[in-house]
Amino acid sequence: MPTNSFCIYPWVHIQVKPNGQAKPCCRFNHVQKEYLQTEYGHPLLKPYNVNYMSLSDIHKSKFWDKLRSDMLEGKTIPGCHKCDNDDKLGKFSMRSNANKEWNGLNQAVPIPSNKDIKIKYLELTTGRYCNLKCRTCSSDLSTTWESDDKVIKGLYTDSVSNNPRQEYSHLPKILDLNLPAEDFKETKLVKMTGGEPMIAPTFIPFIDIIIEGGYAKNIILEIYTNTSWVPKDKILNRLKQFKFVKIFLSIDGIGEVNDYIRAPSEWDIVNESAETWIKFSKENKRFSIVFSPTISLYNILNLSDMIKWWDNLQAKYFSKNFVLYATEGEKDAEINSEFIFNVGRFSPTMLQTPPYLSASLLPNKTKIIEKLEKIKFEKTEWALSVDEVKYATRFKYVMDRMINTLQQKPLDNLETFINFSCDLDKLRNQSLPKMLPELWNQMKDKVEYKGRV
């Protein structure tokens, strides 16, 4: 584990938020008081926005220069406190993984190929434009959430940061991605999130900029999609021009569980979309489809069904004999062996905030933990080859991480979860007791279903 604050990202990477704000990475705390504010309390990073500056100018700006020099001098970087905490706890921090993937494992200084300041990894968003209002999201990342957030704002508090819930309808809906093609001259990886990236009106024009500039063939493209629509040729034909494409399917449940959590999506369409992407990856070897659910209290009891659904979908198009594992950012597009297409990629995220939606709030955890332990064994016990064992080890790590999170002491209580759920049920004409009966049975004698609205 690193013993200093060095991270290669300020040399090779920029993340852009939905409002155009640029950051050294997605975890960087850009509103930390010390170091990141002027003497008048104004955020230092605020001017570094793609609406006002080019990516190149941002990357070579005074702030980024100071960040790099402070890291090389071993100074503590307040904005990096999340990775600091992970390193202290012996976890795999984003910082240590970044140095592993982008800096030849060196955890202290840039390797020679990284000493020149070049944007090799760009994480972009198309803005807040989204057709869904997932319960684990907010109007900060979804325009469809705005009307609900206007009703419940201030009624709920993130007990970790102690900030009341806000509504963000005042923020821009769509981020202008009319970037010069030259910005992608050195780029190896572009990661795109939203909102829902591929339905945003700026998505195709942005992709065309890279293609027409002649850089698509050099770039690995990662896109996170809510799978609420079935991909058409106008999207697929463009994506085929990239070096390699990873599509992360954000699907949080099967059947009614999906429809409840990710309103107003419809399971039949979600299922058809996922199958279309899988079938397309079977026919196009430079595509990889990753199942990437967000695990919360809403769907923790549905997790084994979700894995079984993904299992069956993989078997339908590839093989019944495959290893289910968590993807770990392959950067080499020359991975066309048949083996990797016998791998069911699985990269879940355990929800941390808001804490009143965390799976750790589940009252009776024993049975679901037993189910997850059984899945972990069944999906890895037959792995024999070096590659199979490697991928099986990743899957075990992911399953253990989910189990450990599930077993943690909750940071909030069931009453907050039920009040929040009940309020959204009123606004959306849904019902947690009816649509998630297994979950409701665990808590119906412990809390009152009433809400705060």
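Scroll up a little and you will see the structure.
What comes next concerns the included structure. (Residues numbered from 1 in each chain as written. Predicted model: local features only at pLDDT ≥ 70, side-chain atom pairs only at ≥ 80, totals over all residues. Heavy atoms only, no water.)

Let us look at the side chain of serine 139. Its place among the elements puts serine 139 in the loop between β3 (121–125) and α7 (146–152). We classify serine 139 as buried; its relative accessible area is 0%. Separated by 2.7 Å, the side chains of serine 139 and aspartate 149 make a polar contact. Here serine 139 is in contact with Arg128, Trp145, Glu146, Asp149, Gln166, Glu167 and Tyr168, once residues within four sequence places are set aside. (Helix = DSSP H or I, 4+ residues; strand = E, 2+ residues; numbered from the N terminus. Buried < 20%, exposed > 50% of the residue type's maximum accessible area, 1.4 Å probe, protein only. Polar contact = N/O pair within 3.5 Å; in protein donor to acceptor, adjacent residues only side chain to side chain. Contact = heavy atoms within 4.5 Å.)

This next bit is on the side chain of threonine 125. Position of threonine 125 relative to the elements: it lies in strand β3. For threonine 125, the side chain forms a polar contact with the main-chain nitrogen of glycine 127, separated by 2.9 Å. Reaching out from threonine 125, the side chain makes a polar contact with the backbone oxygen of threonine 193 at a distance of 3.5 Å. Ignoring anything within four residues of it in the chain, the contact list for threonine 125 reads Val16, Lys17, Pro18, Leu175, Leu177, Thr193 and Gly194.

In this section: the nonpolar core. The biggest cluster of nonpolar side chains holds 123 residues, and the ones touching the most others in it are Leu239, Ile300, Phe346 and Phe417. Take this core: its biggest share by element is eight residues, from helix α14 (residues 386–407). (Core = buried A, V, L, I, M, F, W, Y, C linked by side-chain atoms within 4.5 Å.)

All chains considered together, the criterion is met by 22 aromatic pairs. Measuring from centroid to centroid gives 5.7 Å for phenylalanine 184 and phenylalanine 206, while their planes differ by 70 degrees, and the two rings are edge-to-face. Remark: phenylalanine 206 occurs in helix α8 (residues 203–212) and phenylalanine 184 occurs in the loop between β5 (163–164) and β6 (189–193); sequence separation between them is 22 residues. Judged by relative accessible area, which is 0%, phenylalanine 184 ranks as buried. Ring centres of tryptophan 440 and tyrosine 449 lie 5.7 Å apart, and the angle between their planes is 65 degrees; this geometry places the pair in the edge-to-face category. Tyrosine 449 gets classed as partly exposed once you look at its relative accessible area, which sits at 30%. Linked through ring pairs, Trp267, Phe291, Trp309, Trp310, Phe346 and Phe395 together constitute an aromatic cluster. When the ring centre of tyrosine 260 is taken as origin, the NZ or CZ atom of arginine 135, which lies over that ring, is 3.8 Å away. Of note, arginine 428 hangs over the ring of tryptophan 145, and the distance from its end group to the ring centre comes to 4.6 Å. (Phe/Tyr/Trp six-rings, centres within 6.5 Å; stacked < 30°, edge-to-face > 60°. Lys NZ or Arg CZ within 6 Å of the ring centre and 35° of its normal.)

Another aspect to go through is the packing of helix α13 (residues 366–378) against α14. Between α13 and α14, the least distance of the axes is 10 Å, while the angle of their chain directions is 170 degrees. In terms of their interaxial angle, α13 and α14 are classed as roughly antiparallel. Between α13 and α14, the residues in contact are Ile368, Ile369, Leu372, Glu373, Ile375 and Lys376 and Phe395, Lys396, Met399, Asp400, Ile403, Leu406 and Gln407, respectively. (Axes fitted to C-alpha atoms, helices over the stretch in contact; angles between N-to-C directions. Parallel < 35°, antiparallel > 145°, perpendicular 65-115°, else oblique.)

For strand β8 (residues 244–249), the buried fraction is high: six of the six residues fall into the buried class. A two-sided burial pattern is seen for β8, the buried positions comprising Phe244, Lys246 and Phe248 on one face and Val245, Ile247 and Leu249 on the other. Where strand β7 (residues 220–225) lies against β8, six bridges are found, and the strand directions are parallel. Looking at β8, one finds that glutamate 222 is bridged to lysine 246. (Pairing = 2+ DSSP bridges.)

Turning to its location among the elements, threonine 276 is positioned in helix α11 (residues 267–283). Given the relative accessible area of 23%, threonine 276 is considered partly exposed. With near-sequence residues (within four places) excluded, threonine 276 lies in contact with Val230 and Pro231.

Below, the discussion takes up the state of the cysteines. Within this structure, the stated rule accounts for zero disulfides. No disulfide involves cysteine 25; its sulfur sits 5.3 Å from that of cysteine 26, the nearest cysteine. (Disulfide = S-S within 2.5 Å.)

Where charged atoms from two side chains of opposite charge approach closely, those side chains can pair. In this structure the tally under the stated criterion is 21 salt bridges. Two residues, aspartate 86 and arginine 27, come together in a salt bridge whose shortest N-O distance is 2.8 Å. Of the two residues, aspartate 86 is situated in helix α5 (residues 81–88) and arginine 27 in the loop between β2 (22–23) and α2 (33–36); the sequence distance between them amounts to 59 residues. A residue is classified by how much of its surface remains accessible, and arginine 27, at 24% relative accessible area, is partly exposed. For arginine 68, the salt bridge is made with aspartate 65, and the minimal N-O distance between the two is 2.7 Å. Taken together, the positions of arginine 68 and aspartate 65, both in helix α4 (residues 62–72) and three residues apart, correspond to about one turn of that helix. For arginine 68, a relative accessible area of 5% corresponds to the buried category. On the basis of relative accessibility, which here comes to 39%, the residue aspartate 65 falls in the partly exposed class. Because the salt bridges share partners, they merge into one network encompassing Lys66, Asp70, Glu73 and Lys75. (Salt bridge = Lys/Arg side-chain N within 4 Å of Asp/Glu carboxyl O.)

Close contact between α11 and helix α12 (residues 303–317) brings their axes to 10 Å; oriented N to C, the two are set at 40 degrees. The orientation of α11 with respect to α12, classified from their angle, is oblique. The handedness of the crossing between α11 and α12 comes out as right-handed. Along the contact surface, α11 presents Trp267, Asn271, Ala274, Glu275, Ile278, Lys279 and Lys282, while α12 presents Trp309, Trp310, Leu313, Gln314, Lys316 and Tyr317. Here the contact of α11 with α12 is built from residues that sort into seven nonpolar, two polar and four charged. (Left-handed = near helix turned anticlockwise from the far one by under 90°. Nonpolar A, V, L, I, M, F, W, Y, C, P; charged D, E, K, R; others polar.)

Attention now goes to the pairing of strand β9 (residues 287–291). Counting buried positions along β9 gives five out of five residues, so the element sits mostly inside the fold. By the alternation rule, side chains of β9 split into Phe287, Ile289 and Phe291 and Ser288 and Val290, which are all buried. By the bridge criterion, five bridges tie β8 to β9 in an arrangement that is parallel. Paired with phenylalanine 248 across the bridge in β9 is valine 290.

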